[in-house]
Protein chains: 2
Amino acid sequence: MSEKITIYDIAKKLNITAATVSRALNNNPKIKESTRELVLKTAASMNYKQNKLALALKSGRSNNIGVIVPRIDSNFFASVIRGIEEELHPNGYQVIICQTHEDPKRENENLYTLIDAQVDGILMSVSDVSNENDEAFHNVLKKNVPLVFFDRSKHIEGVSSVTINDFKGGYMATKHLIDEGCRCIAHLSGDQSLEIFKNRFLGYKQALLDNGMTFNEKYVIQSKSSLEAGKEAVEILLGYDIAPDAIFSSSDFAALGAIQELRERNISIPKEFCVGGFSNEPFTKFMELSITSVDQSPLEMGKMAARVFLEQVDKTQTIKIEKKVVLTPELHIRKSSSRTTS
Amino acid sequence: MSEKITIYDIAKKLNITAATVSRALNNNPKIKESTRELVLKTAASMNYKQNKLALALKSGRSNNIGVIVPRIDSNFFASVIRGIEEELHPNGYQVIICQTHEDPKRENENLYTLIDAQVDGILMSVSDVSNENDEAFHNVLKKNVPLVFFDRSKHIEGVSSVTINDFKGGYMATKHLIDEGCRCIAHLSGDQSLEIFKNRFLGYKQALLDNGMTFNEKYVIQSKSSLEAGKEAVEILLGYDIAPDAIFSSSDFAALGAIQELRERNISIPKEFCVGGFSNEPFTKFMELSITSVDQSPLEMGKMAARVFLEQVDKTQTIKIEKKVVLTPELHIRKSSSRTTS
C-alpha cells in the first residue's frame, strides 16, 4: 500500500509549516489568499485528499457511531442494531458494528478499535462480566465519548442503559406455564453472572413461590444458548425420578433443542410437556409447532439507546446524564404451551 | 463533547511547529533530546493521547478491515463475516461491519465512512447494481485500499471476487425437482439485475430445457426475499389454468412463505407440491417439514475472501492481482421435496 500524502508532505514541498497548510486547507482567515491558493494547488497536484477523519481529529467529531454486540447472527441483536440505525441515520450518523463472539478479549479490542476509528459514541451490549475491561471502558469515558449499554449492562458510574425487565419476563412465562396446568417446571438458565439471565431465573423462582409451588435447584440447568444445550438438558431432566412436565428456557435456541429432543422421545407437546423460550426469535413463530416466547422489543430498545446517546452527545462535558431505561417484555403464547386452546 | 487535544495545541503552547511536535512524539532522531522531553512533558500535562489512528494517518495502516453487507440479519451474511473474522483476527486485524439495507445511497455512505475510519481493506457484497457508486469504488481503489467482493459482485477492473456457482445451484435444485416427478416447476426469482439471481434463474431454465420440459416465462415470478413475497407468488401461481406442482425459490424466506400459503390451502407437501429454496438458512433445517435448500458455504466464502485480501495487502502497489474464486454449491435435500423417500 502506498504512503498517504499528508499535510507534512505538502508543508515540506512548500517549505512552510504543517500548521499553515492545515489552516489554508481549512480556509482560516489568518492565511493570506496567495498562500491559500498555493497550498490548494500544491495539494491537488500531489493528489492530497483531505478526509473527514483528519478533520475529525481536529474537531472531535466523525459522525460515526460504534455498536458492539456479542453476535450479529441473532435476530435480537440484528433488530436492536436496525433500531439504532433507524434513529441515528436521519441525524446524520453512520453506524459501524463490531462483534465480540462473547470473548472479553475481543470486547477489549473492539473498544480500542472504535476509539481509534474516532467514533462519537459507543452503544453496546456487554459480553464481559468481570472487571477485566474496566480500563477500556474508562478509557472511553475519559475521552468524553458517550457510552450507552443496551440489554446486557454493567454498573459503571456515568453510563446510561436501556434494558428490559427480565425478571418480569421470567415471571410471566413461568406463571403462564402454571396456568396451563404444569406442575413441575424446569428452567434452562443462561450464564448467571450476566444480569439478564440472573433476573430471568429470579422471575421464574418468584412465580413458583407466589403460586404455591416448590422451588428445587435441581430443576435449574445452566445451559448455553444452543440447540445442543437444550437437548442435553432434556436428557438430564428426564433421568430424574420425578421428571418435569414443562421447561421455561432463557433462550429460544435451547427451547428449540429441548423440543426436538422431547419429540425424538415421542413426548407429546403441549399435552404431556409444555415449553416456553425467551427472545421471540423469528423461528419460534415459523415452526409448525410454534414456540411460546418472551418478546424484548429489540427495535424499540435500539431506538431508545440511540435517543439516550443523542441526548448525551448534545450536552457539554459539564453536564453528565446517567439514564436507566427499562422496557416491559411481552409474552407471546403459542402452540408449544397452549394446552387450554389446543 | 470536549475538543480533543491535538499536536497543534501543543505546538501553540510551546511556540514551535506542529511538525516538530509530531517528530518529537514519534522519536525522530532529528529532534534534540531536550525538545523531545519538553514536548512529551507538555503533551502529558495537556492530557494528549496519541492514538493509533493518528499514527495510521501517517503510516497508512490501521489494522482495521471494513466489511459491507446488504443486511446482517441473514444467517448467510453473518456466517460469511464469521469466516472473515476467523481468518483475519489471527493476522492482527479487527473487523468493522456496515450494512446497506439494500440501499445504494447507504452503500455509498458506508464506503466513505470506512475510508474515513482508515481501514486497510474493504470486503463487501454489493447492493447497488447501477453505476451510481462507481466514483465511490474508484475512490477506494485510488487510495490503494484493497477491495474484494464476495457473493454479490460487480465487474470492476482490478477488483477480486469470491462467489459461488449460482447457475449450478439453480440447475441442481431444479433437476432434483424434475427427478422427484414434478412436471411444472415455477421459479421465484430475485432482482434480475443482480448477477446471483440472474444466474440462479438461468440454471433453472437450463435444467428445464436439458430435461425436455417447457420453459414458460409466466411461471417465473420476481419476488423479494420475504415470507410475504412467497405467499403472494403462490396466490398468483395457483390462479393459473395450469397451476405448477413445484417451486424453486432463489430465497429461503420466500420458499417458507410459499410453504405457509400452500399449507393454508391444504395442499400436501411434498405429495402434491414440492418446494426448494436457496441459502440453507438454519430454519430450513429446524422446521418439522424441513426445506430443501442450496448451501453456499458462507464460512468458506468469508475465509476465502479474507485470504484474497491478505494476498493483496502484502503486495506493493506495483503488483495488481485480480482473482476470481468460484465456490461450488451443495444441494441439501429435505422433506419439502422428498417424494421418493416420504
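The residue count restarts for each chain, going from 1 along the sequence in the order it is written. Chains carry letters from A onward and ligands carry numbers from 1 onward, assigned in written order. For a predicted model such as this one, the threshold for reporting local features is a pLDDT of at least 70, and the threshold for listing and counting side-chain atom pairs is 80 or more; totals across whole chains, interfaces and linings nevertheless cover every residue. Calculation of side-chain values draws on the structure's entire complement of heavy atoms; hydrogens and water are dropped beforehand.

- Where an unreviewed UniProt entry is consulted, chain A appears under the name LacI family DNA-binding transcriptional regulator, with the organism given as Flavobacterium flavipigmentatum.

1. Some details on the overall build of chain A
- Broken down by element type, chain A carries 13 helices and twelve strands.
- As a reference, a globule follows 2.2 Å times the number of residues to the power 0.38, and the radius of gyration itself is taken over C-alpha atoms. For a compact globule of 342 residues, the expected C-alpha radius of gyration is about 20 Å, and chain A comes in at 26 Å, more than 25% above that figure.
- Each of the three principal axes of chain A carries a C-alpha extent, and together these read 90 × 40 × 35 Å.
- A 1.4 Å probe rolled over the protein chains alone gives each residue an accessible area, and that area as a share of the maximum for its type sets the label: buried under 20%, exposed over 50%, partly exposed in between. A total of 342 residues make up chain A; the buried ones form 58% of that total.
- Pairs of residues are marked as contacts when any of their non-hydrogen atoms sit within 4.5 Å. Summarising the internal contacts of chain A: among those between residues at least 6 apart in sequence, 74% fall at separations of at least 24. Helix and strand assignments follow DSSP, with helices taken as H or I runs no shorter than four residues and strands as E runs no shorter than two, numbered in order from the N terminus.

2. Thoughts on the environment of isoleucine 84 of chain B
- Relative to the assigned elements, isoleucine 84 of chain B resides in helix α5 (residues 75-88).
- Discounting residues that sit within four places of it in the chain, isoleucine 84 of chain B has contacts with Val67, Val95, Leu123, Phe150, Gly302, Lys303 and Ala306 of chain B.

3. Some details on the sheet that holds strand β9 (residues 274-278) of chain A
Residue and element names in this part refer to chain A.
- At least two bridges found by DSSP between two strands is the condition for calling them paired. Ordered by their spatial adjacency, six strands build an open sheet running β7-β6-β8-β9-β10-β12, and the pairing between neighbours is mixed. Two strands in the sheet have a free side with no partner beyond their single neighbour: β7 (220-222) and β12 (330-332). Across the sheet, the mean angle from the axis of one strand to that of its neighbour is 20°, orientation sign disregarded.
- Where β9 and strand β10 (residues 292-295) come together, three bridges link them in parallel fashion. Lines fitted to C-alpha atoms define the axes, with helix axes restricted to the stretch in contact, and inter-axis angles between N-to-C directions lie between 0 and 180 degrees.

4. Some remarks on the pattern of salt bridges
- Any carboxyl oxygen of Asp or Glu within 4 Å of a side-chain nitrogen of Lys or Arg constitutes a salt bridge here. Considering all chains together, one arrives at 28 salt bridges over all chains under this definition.
- Taking the shortest distance from any N to any O, the salt bridge between glutamate 87 of chain B and arginine 307 of chain B comes out at 3.2 Å. Taken together, the residues glutamate 87 of chain B in helix α5 and arginine 307 of chain B in helix α13 (residues 298-313) connect sequence positions 220 residues apart.
- Here lysine 324 of chain B makes a salt bridge to glutamate 322 of chain B, at a shortest N to O gap of 3.6 Å.
- Classification of lysine 324 of chain B by relative accessible area gives partly exposed; the value is 42%.
- Taken together, the salt bridges that share partners define one network made up of Glu87, Glu300 and Arg307 of chain A.

5. Looking at the packing of helix α5 (residues 75-88) of chain A against helix α13 (residues 298-313) of chain A
Residues and elements named next belong to chain A.
- Across the interface, α5 lies against α13 with an axial gap of 7 Å and an inter-helix angle of 45°. Judged by the inter-axis angle, α5 sits oblique to α13. As α5 packs across α13, the resulting crossing turns out to be right-handed. Contacts between α5 and α13 pair Phe76, Ser79, Val80, Arg82, Gly83, Ile84, Glu86, Glu87 and Leu88 from the former with Pro298, Leu299, Met301, Gly302, Lys303, Ala306, Arg307, Phe309 and Leu310 from the latter.
- Here the residues of the contact of α5 with α13 are counted per class, giving ten nonpolar, three polar and five charged. Roughly parallel means an angle under 35 degrees; roughly antiparallel, over 145; roughly perpendicular, 65 to 115; everything else is oblique. Left-handed describes a crossing whose near helix is turned anticlockwise from the far helix through less than a right angle; right-handed describes the clockwise counterpart. Think of it as three bins: nonpolar holds Ala, Val, Leu, Ile, Met, Phe, Trp, Tyr, Cys and Pro, charged holds Asp, Glu, Lys and Arg, and polar takes everything else, Gly as well.

6. Let's talk about the packing of helix α8 (residues 166-179) of chain A against helix α9 (residues 195-210) of chain A
Residue and element names in this part refer to chain A.
- Between α8 and α9, the shortest axis-to-axis distance is 7 Å and the interhelical angle comes to 40°. When the axes of α8 and α9 are compared, the pair comes out oblique. Handedness of the crossing formed by α8 with α9: right-handed. Note on element contacts: α9 touches α8 through Ile196, Asn199, Arg200, Leu202, Gly203, Tyr204, Gln206, Ala207, Leu208 and Asp210, opposite Asp166, Phe167, Gly170, Tyr171, Thr174, Lys175 and Ile178.
- Partitioned by chemical class, the residues of the contact of α8 with α9 number eight nonpolar, five polar and four charged.

7. Examining the nonpolar core
- Judged by nonpolar contacts, the single largest core of 142 residues is most densely connected at Phe150 of chain A together with Phe150 of chain B.
- The contacts of phenylalanine 150 of chain A, once residues within four sequence positions are left out, are Val67, Ile68, Val69, Phe77, Val80, Ile84, Leu123, Met124, Ser125, Val162, Met301 and Ala305 of chain A.
- In terms of nonpolar packing, the next biggest core, distinct from the first, is built from 38 residues, Val145 of chain A together with Ile115, Phe149 and Val159 of chain B among them. Buried residues of nine kinds, namely Ala, Val, Leu, Ile, Met, Phe, Trp, Tyr and Cys, make up a nonpolar core once their side-chain atoms join them within 4.5 Å.

8. Topic: the packing of aromatic side chains
- Aromatic rings from Phe, Tyr and Trp, with only the six-membered ring used for Trp, were paired whenever their centres fell within 6.5 Å, and each pair was classed as stacked if the ring planes differed by under 30 degrees, edge-to-face if by over 60, and tilted otherwise. Following the criterion strictly, the structure yields 22 aromatic pairs over all chains and no others.
- Summarising the aromatic geometry, the rings of tyrosine 204 of chain B and phenylalanine 215 of chain B are spaced 6.5 Å apart at their centres and angled 75° between planes, so their arrangement reads as edge-to-face. Pair noted here: tyrosine 204 of chain B is in helix α9 (residues 195-210) and phenylalanine 215 of chain B is in the loop between α9 and β7 (220-222), with a separation of eleven residues, a long-range link.
- Three or more aromatic residues joined by ring pairs make a cluster, and in this case those are Phe201, Tyr204 and Phe215 of chain A.
- Note that arginine 71 of chain A overlies the ring of phenylalanine 253 of chain A, its terminal NZ or CZ placed 5.4 Å from the centroid. A ring is scored as having a charge over it whenever the NZ atom of a lysine or the CZ atom of an arginine sits within 6 Å of its centre and within 35 degrees of its normal.

9. Some remarks on the side chain of serine 79 of chain B
All names here are of chain B.
- Residue position: serine 79 is located in helix α5.
- For serine 79, the side chain forms a polar contact with the main-chain oxygen of asparagine 75, separated by 2.8 Å.
- In this structure serine 79 touches Pro298 and Leu299, once residues within four positions along its chain are discounted. Any N or O atom pair separated by 3.5 Å or less is treated as a polar contact, with the protein-specific requirement of one donor-capable and one acceptor-capable atom, and with residues adjacent in sequence counted only for side-chain atom pairs.

10. Things to note about unusual backbone geometry
- Of note, the amide linkage connecting isoleucine 269 of chain A to proline 270 of chain A takes the cis form, showing an omega dihedral of 5°.
- Positionally, proline 270 of chain A belongs in the loop between α11 (252-264) and β9.
- Phi is positive for asparagine 15 of chain A, close to 55°, though the residue is something other than glycine.
- Residue class for asparagine 15 of chain A comes out exposed when judged on its relative accessible area of 71%.
- You will see that serine 279 of chain B, though not glycine, has its phi angle at about 120°, which is positive.
- Within the secondary structure, serine 279 of chain B sits in the loop between β9 (274-278) and α12 (282-286).

11. A look at the sheet that holds strand β8 (residues 246-249) of chain B
Residue and element names in this part refer to chain B.
- With respect to topology, six strands assemble into an open sheet ordered β7-β6-β8-β9-β10-β12, the strand pairing being mixed. Only two strands of the sheet have a single neighbouring strand rather than two, namely β7 and β12 (330-332). Averaged over all pairs of adjacent strands, the angle between their axes in this sheet comes to 20°, without regard to strand direction.
- In terms of strand pairing, β8 meets β9 through three bridges, oriented parallel. Bridge pairing links alanine 246 to cysteine 274 in β9.
- Its contacts with the sheet place helix α8 (residues 166-179) against β6 (185-189), β8, β9, β10 (292-295) and β12, and it is angled at close to 165° to β8.
- Of the strands in this sheet, β6, β8, β9 and β10 are in contact with helix α11 (residues 252-264), which crosses β9 at around 160°.

12. As for the side chain of aspartate 245 of chain B
- Following the sequence through the fold, aspartate 245 of chain B ends up in the loop between α10 (227-237) and β8.
- Polar contacts involving the side chain of aspartate 245 of chain B include one to the main-chain amide nitrogen of arginine 183 of chain B, which spans 2.8 Å.

13. Comments concerning the domain arrangement of chain A
- Domain limits in this description derive from either an automatic procedure or a database domain assignment. One can read the domain layout of chain A as domain 1 (7-50), domain 2 (62-164 + 298-326) and domain 3 (166-296).
- Here the C-alpha centre of domain 2 of chain A lies 37 Å away from the C-alpha centre of domain 1 of chain A.

14. What about α11 of chain B?
Residues and elements named next belong to chain B.
- With 13 residues, α11 should cover 18 Å at 1.5 Å per step; its first-to-last C-alpha distance of 18 Å lies within 8% of that length.
- All buried positions along α11 are accounted for by Asp252, Phe253, Ala254, Ala255, Leu256, Gly257, Ala258, Ile259, Glu261 and Leu262.
- With a side-chain oxygen lying 3.1 Å from the backbone nitrogen of phenylalanine 253, the N-terminal cap of α11 falls on serine 251.
- Once α11 ends, the next one or two residues include asparagine 266, with phi positive near 60°. To estimate the expected span of a helix, subtract one from its residue number and multiply by 1.5 Å.

15. Focus: the pairing of strand β5 (residues 160-164) of chain A
Residue and element names in this part refer to chain A.
- Within β5, five of the five residues are buried, leaving the element largely enclosed by the surrounding structure.
- Sheet analysis places strand β4 (residues 147-150) next to β5, joined by three bridges and oriented parallel. Each residue of the ladder has a partner; that of phenylalanine 150, found in β5, is valine 162.
- In this structure, β5 lies alongside strand β11 (residues 324-327), joined through four bridges in parallel fashion. When the bridges of β11 are listed, valine 162 appears paired with valine 325.

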